Amino acid sequence: MSTFIDDPLASGSGQFALSAPLSWAVPTDPPSEDGLRPWGLRRMGPVLRPSGRREGWRYDPVRQLGVDADGMPLATLQTRASTTTGSAGTEDPGDEDWTPDFTPDAPPMAGPPTAPTTPPVDGEDPPSAEDWINDYCPDDPFVP
Amino acid sequence: MTVLILADDLDPSVDAMIVELDRRGVPVVRLNTERFPQRLTLDAEFCSGRWVGTLRTTERHVELAGIRGVWRRSPTTFRFPVELTASERQHAHTEAKLGLGGVLMSLPVRWINSPDHVATAGYKPIQLCTAAVAGLAVPATLITNCAPAVRRFTANREVVTKMLGAPSIHEAGGRRVAYTELLTAQLVADLDGIEHTANQFQQWVSKDHEARVIAVGEKLFSVAIYAHSAAAKVDWRTDYASLSYAVIELPEAVAAGIRQIMRSLHLSYGAFDFVIDGDNQWWFLEINPGGQYGWLEEQAGIPVTSAIADLLTGGCS
């Protein structure tokens, strides 16, 4: 495994992955038809459990804690065990998604597959023309 | 010396850590990368072989040279002026990652966990190989986009299918989830779409119970998870109300295997999932280097927050 660690699969962006913000525009595209839709997605269903997402909270930058509308720390209001639901900001292991790189290096676009660097352009000699587009078709193309 | 926490604003486990570090009198600064660059400034200068300078928000600042440990939970993506074009935003994003991310990752401090190692550890096939090398039992597993391979693999054994990555996607304006699922003859008969990406299939291990083991440095906290509904017996995430928990002893060989995996993947923290069969054989399922522990800390009383605080402040390794 040391070989892999020394030469990781993860892109440059993925090596400092950042998650989706709490508020972002959820894609509205409908699912593809069976046959086109990846098999593993065909039996997906909606999140059935009620959302335990807290409403009316804010971040208190002085105390560095989440607080309610009255400034009461959320940690004193509700146990963490009771927030095991299915949305960001909760502690549901079901949220342990393996796509933490929300805004990777380069947006997907038509073209060739991933390449470590782009080829020289505009008559420049490499390596000056090499771009750091090191994850051409990344995990999560959504831009907030 | 300051502990730096990179986290989302809404994160109960981070709140608990802030309270714990405050109780210990340990200086701590909590930052969400979302604030960069509009409400978080970076001033870092390369001097004598390392980066020195400050990270500063309206309320706080931290000297880079004064950071003793970094806890990376789930900080969110940078937020740029909305007026930027998509190309400009992408440029800004890349520069921010390479700049802010690079400076932070260069700091000679303990990370829980180093983001680059988290990225590497996220690959399930690597996890399974690492676990096997560490002496842990791993269920037979198939990763394929070939229907005949699925039929071959399922011909003489019970099999589950589960995602290699996220169990959920966002589409049609909402979030949809796919949990671990036992394959039926009907499912195997209709594999349309399997060719479009990699799919994971794994031998079903008849469960007595499951366990989540939280590894914090050398400390291991093992909690048995008992499912009391049919759905939860396949995937306990489907029915929390039916679960019960108990702290249990880890077999020595399993503990040794977990520690070896942690070393191999260069992790300081990991949440391991196991199935324990009727013969008390522990089967490795996966490790999540950012896995949740807060609900287990409350349900089973395991002192994970304290252990992470120890590690961040150098109290133990």
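Structure shown above.
Residues numbered from 1 in each chain as written. Chains lettered and ligands numbered in written order. Predicted model: local features only at pLDDT ≥ 70, side-chain atom pairs only at ≥ 80, totals over all residues. Heavy atoms only, no water.

### Things to note about the overall build of chain A
And step 1. Helix and strand counts for chain A stand at 1 helix and 3 strands.
And step 2. The secondary structure elements of chain A, listed N-terminal to C-terminal, are α-β-β-β.
And step 3. Relative to its 144 residues, chain A shows a buried fraction of 42%.
And step 4. Taking as baseline every contact in chain A between residues at least 6 positions apart, the subset at least 24 positions apart corresponds to 52%.
And step 5. Total accessible area on chain A stands at roughly 7,700 Å², and carbon and sulfur atoms take up 58% of it. (Helix = DSSP H or I, 4+ residues; strand = E, 2+ residues; numbered from the N terminus. Buried < 20%, exposed > 50% of the residue type's maximum accessible area, 1.4 Å probe, protein only. Contact = heavy atoms within 4.5 Å. Areas by Shrake-Rupley, 256 points an atom, 1.4 Å probe, with all protein chains shown as cover.)

### A short note on empty space enclosed by the protein
And step 1. Under the defined criterion, the tally for this structure stands at 5 cavities of 30 Å³ or more.
And step 2. For the second largest cavity, the calculated volume is near 100 Å³.
And step 3. Lining the second largest cavity we find Tyr59, Pro61 and Gln64 of chain A together with Val29, Arg30, Leu31, Asn32, Arg35, Thr57, Glu59 and Arg60 of chain B.
And step 4. A total of 3 residues in the lining of the second largest cavity trace back to one element, the largest contributor, which is strand β2 (residues 28-31) of chain B.
And step 5. In terms of residue class, the lining of the second largest cavity is made up of 4 nonpolar, 3 polar and 4 charged. (1 Å grid on protein atoms, 1.4 Å probe; cavity = no way out; pocket = protein on both sides within 12 Å on 5 of 7 lines; lining within 4 Å. Points joined across faces, edges and corners; volume = space filled by probe spheres on them. Nonpolar A, V, L, I, M, F, W, Y, C, P; charged D, E, K, R; others polar.)

### Topic: the interface of chain B and chain A
And step 1. Listed per partner, the contact involves 95 residues of chain B and 75 residues of chain A.
And step 2. The largest contributions to the chain B side of the interface with chain A come from Leu10, Lys97 and Arg175 of chain B, which together make up 10% of the buried area.
And step 3. At the boundary of chain B with chain A, the tally comes to 3 salt bridges.
And step 4. Put simply, Arg37 of chain A and Glu171 of chain B hold a salt bridge, and the shortest N to O gap is 2.6 Å.
And step 5. By residue number, the principal contributor to the side of chain B that touches chain A is helix α2 (residues 86-106) of chain B, which donates 8 residues.
And step 6. Here the residues of the side of chain B that touches chain A are counted per class, giving 38 nonpolar, 31 polar and 26 charged.
And step 7. Relative to strand β11 (residues 174-177) of chain B, strand β1 (residues 45-46) of chain A runs antiparallel, the two sharing 2 bridges. Counterpart to Gly45 of chain A in the pairing with β11 of chain B is Val177 of chain B. (Buried area = accessible area lost by both parts, 1.4 Å probe. Salt bridge = Lys/Arg side-chain N within 4 Å of Asp/Glu carboxyl O. Pairing = 2+ DSSP bridges.)

### Brief notes about the packing of aromatic side chains
And step 1. Summed over the entire model, instances satisfying the criterion amount to 11 aromatic pairs over all chains.
And step 2. Ring geometry for Phe46 of chain B and Trp51 of chain B: centres 5.2 Å apart, planes at 55°, overall tilted.
And step 3. On the basis of relative accessibility, which here comes to 52%, the residue Phe46 of chain B falls in the exposed class.
And step 4. Using a relative accessible area of 28% as the deciding quantity, one classes Trp51 of chain B as partly exposed.
And step 5. Directly above the aromatic system of Trp39 of chain A lies the positively charged group of Arg43 of chain A, at a separation of 4.2 Å from the ring centroid.
And step 6. The ring of Phe153 of chain B carries the charged tip of Arg157 of chain B above its face, separated from the ring centre by 4.3 Å. (Phe/Tyr/Trp six-rings, centres within 6.5 Å; stacked < 30°, edge-to-face > 60°. Lys NZ or Arg CZ within 6 Å of the ring centre and 35° of its normal.)

### Here we look at the pattern of salt bridges
All names here are of chain B.
And step 1. What the rule picks out here adds up to 19 salt bridges over all chains.
And step 2. Here Glu171 ties to Arg176 by a salt bridge, and the two come within 3.4 Å at their closest N and O atoms.
And step 3. Its relative accessible area of 8% is what places Glu171 among the buried residues.
And step 4. Glu210 is the partner of Lys207 in a salt bridge, and the nearest nitrogen-oxygen pair spans 2.7 Å.
And step 5. For Lys207, a relative accessible area of 23% corresponds to the partly exposed category.
And step 6. Three or more residues joined by partner-sharing salt bridges are found here, namely Glu20, Arg23, Arg24, Lys219 and Asp310.

### What about the nonpolar core?
Residues and elements named next belong to chain B.
And step 1. Ranked by size, the top nonpolar core spans 35 residues in total, and within it Ile5, Trp71, Ile214, Val216, Tyr269, Val304 and Ile308 carry the most contacts.
And step 2. Within the residue set of this core, elements represented by two or more residues are β1 (2-6), α1 (12-24), β14 (209-216), β15 (219-227), β16 (243-247), β17 (269-276), α9 (294-300) and α10 (304-312).
And step 3. Ranked by the residues each element gives to this core, the list is headed by α10, at 6 residues.
And step 4. If we skip the residues at most four places from it in the chain, Val304 touches Ile214, Val216, Phe221, Tyr269, Tyr293 and Glu297. (Core = buried A, V, L, I, M, F, W, Y, C linked by side-chain atoms within 4.5 Å.)

### Here we look at the sheet that holds β14 of chain B
Residues and elements named next belong to chain B.
And step 1. Spatially, the 5 strands line up as an open sheet ordered β16-β15-β14-β17-β18, and their pairing is antiparallel. Every interior strand has two partners, whereas the edge strands, β16 and β18 (282-288), have only one. When strand polarity is set aside, the average angle formed by the axes of neighbouring strands in this sheet is 25°.
And step 2. Sheet topology places β14 next to β15; 7 bridges connect them, and they run antiparallel. Residue pairing across strands places Ala215 opposite Leu220, the latter belonging to β15. (Axes fitted to C-alpha atoms, helices over the stretch in contact; angles between N-to-C directions.)

### Concerning the sheet that holds strand β9 (residues 159-162) of chain B
All names here are of chain B.
And step 1. Within the open sheet, the 4 strands sit side by side as β8-β13-β9-β12. Their pairing is antiparallel. In this open sheet, the two edge strands, each paired with only one partner strand, are β8 (141-144) and β12 (181-182).
And step 2. Strand direction decides the pairing type here: β9 and β12, joined by 2 bridges, are antiparallel. Bridging across to β12, Thr161 finds its partner in Glu181.
And step 3. Each of β8, β9 and β13 (199-203) is contacted by helix α5 (residues 147-154), which is oriented at about 170° to β8, the strand it contacts most.

### A word on α1 of chain B
All names here are of chain B.
And step 1. Taking 1.5 Å as the rise per residue, α1 with 13 residues should run 18 Å; its terminal C-alpha atoms sit 19 Å apart, in good agreement.
And step 2. Inspection of α1 places Pro12, Ser13, Val14, Asp15, Ala16, Met17, Ile18, Glu20 and Leu21 among the buried residues, and these make up the whole buried set.
And step 3. For α1, the N-terminal capping position is held by Asp11, with its side-chain oxygen 3.1 Å away from the main-chain nitrogen of Ser13.
And step 4. One or two steps after α1, the chain reaches Gly25, where phi turns positive at roughly 75°. (Expected span 1.5 Å × (residues − 1). Polar contact = N/O pair within 3.5 Å; in protein donor to acceptor, adjacent residues only side chain to side chain.)

Coordinates in, geometry out; function isn't part of it.
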